[in-house]
Amino acid sequence: MSFNLANATNLKKAINNLHKRKSGVNLQMITSWQLYFEMRIRALLFLLIPLSFSSCRIWDGAYRQSRIDLRFVNENQEPIQNIELKVFYSRHGKESFNWPVSNYNINDTILSDSLGIINLYHKRLRGIEFGGWSFLRIIKSSPPSEYCSFYYNGKQVYKIKYDNLYIEMRDSIDFDSDKNLVTCDYIWPSDSVSVENFYYFKKTIEIKNKKNKR
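Residues numbered from 1 in each chain as written. Predicted model: local features only at pLDDT ≥ 70, side-chain atom pairs only at ≥ 80, totals over all residues. Heavy atoms only, no water.

Draft legend 1. Structural context of the nonpolar core. Residues Phe72, Leu85, Leu120, Cys148 and Phe150 are the most contacted members of the largest nonpolar core, which totals 28 residues. Ranked by residue count, the leading element in this core is helix 2 (residues 162-172), at four residues. Setting aside anything within four residues of it in sequence, one finds Cys148 in contact with Leu85, Lys86, Val87, Val101, Leu120, Tyr158, Lys159, Ile160 and Tyr162. (Core = buried A, V, L, I, M, F, W, Y, C linked by side-chain atoms within 4.5 Å. Buried < 20%, exposed > 50% of the residue type's maximum accessible area, 1.4 Å probe, protein only. Helix = DSSP H or I, 4+ residues; strand = E, 2+ residues; numbered from the N terminus. Contact = heavy atoms within 4.5 Å.)

Draft legend 2. Representation of the sheet that holds strand 10 (residues 197-206) within the structure. A sheet is described by the order of its strands in space; here four strands give the open sequence 4-2-10-9, paired in mixed fashion. Of all the strands in the sheet, the pair left with one neighbour each is strand 4 (117-122) and strand 9 (181-183). Between one strand and the next, the sheet's axes are offset by a mean angle of 40°, whatever the strand orientation. Relative to strand 4, strand 2 (residues 66-73) runs antiparallel, the two sharing six bridges. (Pairing = 2+ DSSP bridges. Axes fitted to C-alpha atoms, helices over the stretch in contact; angles between N-to-C directions.)

Draft legend 3. Region of the structure containing helix 2. Taken together, the buried positions of helix 2 are Tyr162, Asp163, Leu165, Tyr166 and Met169. Projection of helix 2 onto a plane perpendicular to its axis shows the buried side chains occupying an angular sector of 160°, all on one side. Buried residues in helix 2 make contact with strand 2, strand 4, strand 7 (147-152), strand 8 (155-161) and strand 10. (Arc of directions from axis to C-beta.)

Draft legend 4. Quick peek at the pattern of salt bridges. Considering all chains together, one arrives at four salt bridges under this definition. Taking the shortest distance from any N to any O, the salt bridge between Arg67 and Asp69 comes out at 3.0 Å. (Salt bridge = Lys/Arg side-chain N within 4 Å of Asp/Glu carboxyl O.)

Draft legend 5. Representation of unusual backbone geometry in the model. Following Trp99, the chain continues to Pro100 via a peptide bond in cis, the omega torsion being 0°. Structurally, the position occupied by Pro100 is in the loop between strand 3 (84-88) and strand 4. Of note, the phi angle at Asn82 is positive, near 70°, even though the residue is not glycine. When its relative accessible area of 44% is taken as the criterion, Asn82 is described as partly exposed. Notably, Asn153 is not glycine yet its phi reads approximately 55°, a positive angle. Looking at where Asn153 falls in the secondary structure, it is placed in the loop between strand 7 and strand 8.

From the geometry alone we can't say anything about function, so treat these as descriptive.
In structure tokens, the structure reads:
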């Protein structure tokens with residue numbers, strides 16, 4: 001009887017040792033796989049670091065000082081007087097005063113004169129006026145989204161993004177030539193009469209009468 005009990009005790013010890021060895025092997029295998037994946041992830045991150053720096057771009061910019069004259073005419077090329085300018089932060093945003101159209105402020109109303117002309121001044125600010133960033137050409141910030149909207153008799157007759165208007169000016173004149181420079185005769189609210197040079201650009205906009213369309 002004692003012999004059988006001893007055998008049973010030894011057998012139990014042998015089984016326990018076997019379980020311990022198995023759990024140790026499993027734990028060792030799990031640890032090895034964890035180390036393997038950690039090394040792979042670290043290697044991948046090491047490769048992505050220079051790629052992220054080369055693919056991430058941060059830019060900034062500013063508009064040149066400019067005077068843009070927009071001349072509004074009807075289908076008979078006759079000037080349209082009293083067209084009102086409004087500037088908005090975005091297509092459906094709030095009004096944007098003093099930038100990018102510097103002479104558009106909360107106290108004044110800008111109307112086209114007897115020649116149908118509206119003057120849009122941009123006075124250069126110190127430092128950076130706007131900026132943005134992009135990553136892998138997938139995620140990027142957009143340029144300024146201010147819109148110039150024009151109203152006649154309470155109805156909007158024309159709208160253009162100021163950035164597009166500036167690009168049109170930039171592609172049409174030579175910034176390196178003094179022939180395109182004019183002095184500013186606008187009195188800024190906080191300054192005296194400015195005599196700084198402004199790049200000059202003019203554009204004619206024809207407003208068609210929708211009632212005449214069939």
